[in-house]
Amino acid sequence: GMPMDAYLRMASLSPWVPCPDVVARRMLDVAQAGGTTVHYDLGCGDGRVNFHALDTYAVLSTTGIDIDPSMVRRADDRLARRHPRPANVEFVTADLLDDAQASDLWTRMGSSDSSPGDTVITCYFVEEALQKIRPLLERHCGGSRSRRQDGGRIRVVTCGYEMRGWDAKWSE
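Draft legend 1. Highlighting the overall build of the protein. Each helix and strand counted, the protein has six helices and six strands in total. Going residue by residue from the N terminus, the α and β elements of the protein occur as α-α-β-α-β-α-β-α-β-α-β-β. Here the protein, with 172 residues, has 45% of them falling under the buried criterion. Long-range contacts, defined here as pairs at least 24 residues apart, represent 70% of the contacts in the protein between residues at least 6 apart. Accessible area for the protein stands at about 8700 Å²; split by element, carbon and sulfur atoms hold 50% of it.

Right, here's the structure in full:
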């Protein structure tokens, strides 16, 4: 491990708190994830929301993105234990606020080329982190309820905190 102050600097968006299974499933229920969904989990930690998306909702694909390489290794280790290894799951180490590291990921999230159906983005961040991510979601994905040119939809589900400044379609 690393010293706590170093970890907190690195995990500036949100320290990792495991998302309870019931919460992970609820986020994916609310997002109406299913067989035509391309899913992204921002701040994926050990990948548990991605595995729910895969196993319970049979999404087309799921990508987990985390700033902490040790968390991404944990997610990859979980994936490696699966036989056969699913081809439609990917874990990526990236700082979503760093354009050099994340611009390709943001482009993929907002693009209809990578998603023939709907795109679902889940995130479990503290409020301050959501406010840092919000302009990027708005720029690349059109905000909370955008329609792509092909008619596919992008749905963003936040957990724990609402996205201030967005008109929530649903909250619980």
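What follows continues from the structure just given.
Draft legend 2. Just the pattern of salt bridges, in detail. The final tally for this structure, using the stated rule, is seven salt bridges. The salt bridge partner of Asp-46 is Arg-78, with a shortest N-O separation of 3.5 Å. You can see Asp-46 sitting in the loop between strand S1 (37–42) and helix H3 (48–55) and its partner Arg-78 sitting in helix H4 (residues 69–80), a full 32 residues away along the chain. A residue is classified by how much of its surface remains accessible, and Asp-46, at 6% relative accessible area, is buried.

Draft legend 3. Region of interest: the packing of helix H5 (residues 99–110) against helix H6 (residues 127–141). Taken N-terminus to C-terminus, the directions of H5 and H6 make an angle of 50°; their axes are 9 Å apart at the nearest point. Classified by the angle between their axes, H5 and H6 sit oblique to one another. Between H5 and H6 lies a crossing of right-handed hand. Facing H5, whose interface residues are Asp-99, Trp-106, Met-109 and Gly-110, H6 presents Leu-136, Leu-137, Arg-139, His-140 and Cys-141.

Draft legend 4. Up close: the pairing of strand S4 (residues 118–123). Of all six residues making up S4, six are buried, and the element is well covered by its neighbours. What you see with S4 is no split at all: Asp-118, Val-120 and Thr-122 on one side and Thr-119, Ile-121 and Cys-123 on the other are buried throughout. As paired elements, S1 and S4 share six bridges and run parallel to each other. If you follow Tyr-40 over to S4, its bridge partner there is Ile-121. As paired strands, S4 and strand S6 (residues 153–158) are joined by five bridges and run parallel to one another. Among the inter-strand pairings, Cys-123 is bridged to a residue of S6, identified as Thr-158.

Draft legend 5. Seen up close, the packing of aromatic side chains. Following the criterion strictly, the structure yields one aromatic pair and no others. Judged by centre distance (5.8 Å) and plane angle (45°), the rings of Phe-51 and Phe-91 are tilted. Taken as a pair, Phe-51 in helix H3 and Phe-91 in strand S3 (residues 89–93) lie far apart in primary sequence, 40 residues in all. Using a relative accessible area of 3% as the deciding quantity, one classes Phe-51 as buried. Judged by relative accessible area, which is 9%, Phe-91 ranks as buried.

The rules behind these values
Residues numbered from 1 in each chain as written. Predicted model: local features only at pLDDT ≥ 70, side-chain atom pairs only at ≥ 80, totals over all residues. Heavy atoms only, no water. Helix = DSSP H or I, 4+ residues; strand = E, 2+ residues; numbered from the N terminus. Buried < 20%, exposed > 50% of the residue type's maximum accessible area, 1.4 Å probe, protein only. Contact = heavy atoms within 4.5 Å. Areas by Shrake-Rupley, 256 points an atom, 1.4 Å probe, with all protein chains shown as cover. Salt bridge = Lys/Arg side-chain N within 4 Å of Asp/Glu carboxyl O. Axes fitted to C-alpha atoms, helices over the stretch in contact; angles between N-to-C directions. Parallel < 35°, antiparallel > 145°, perpendicular 65-115°, else oblique. Left-handed = near helix turned anticlockwise from the far one by under 90°. Pairing = 2+ DSSP bridges. Phe/Tyr/Trp six-rings, centres within 6.5 Å; stacked < 30°, edge-to-face > 60°.

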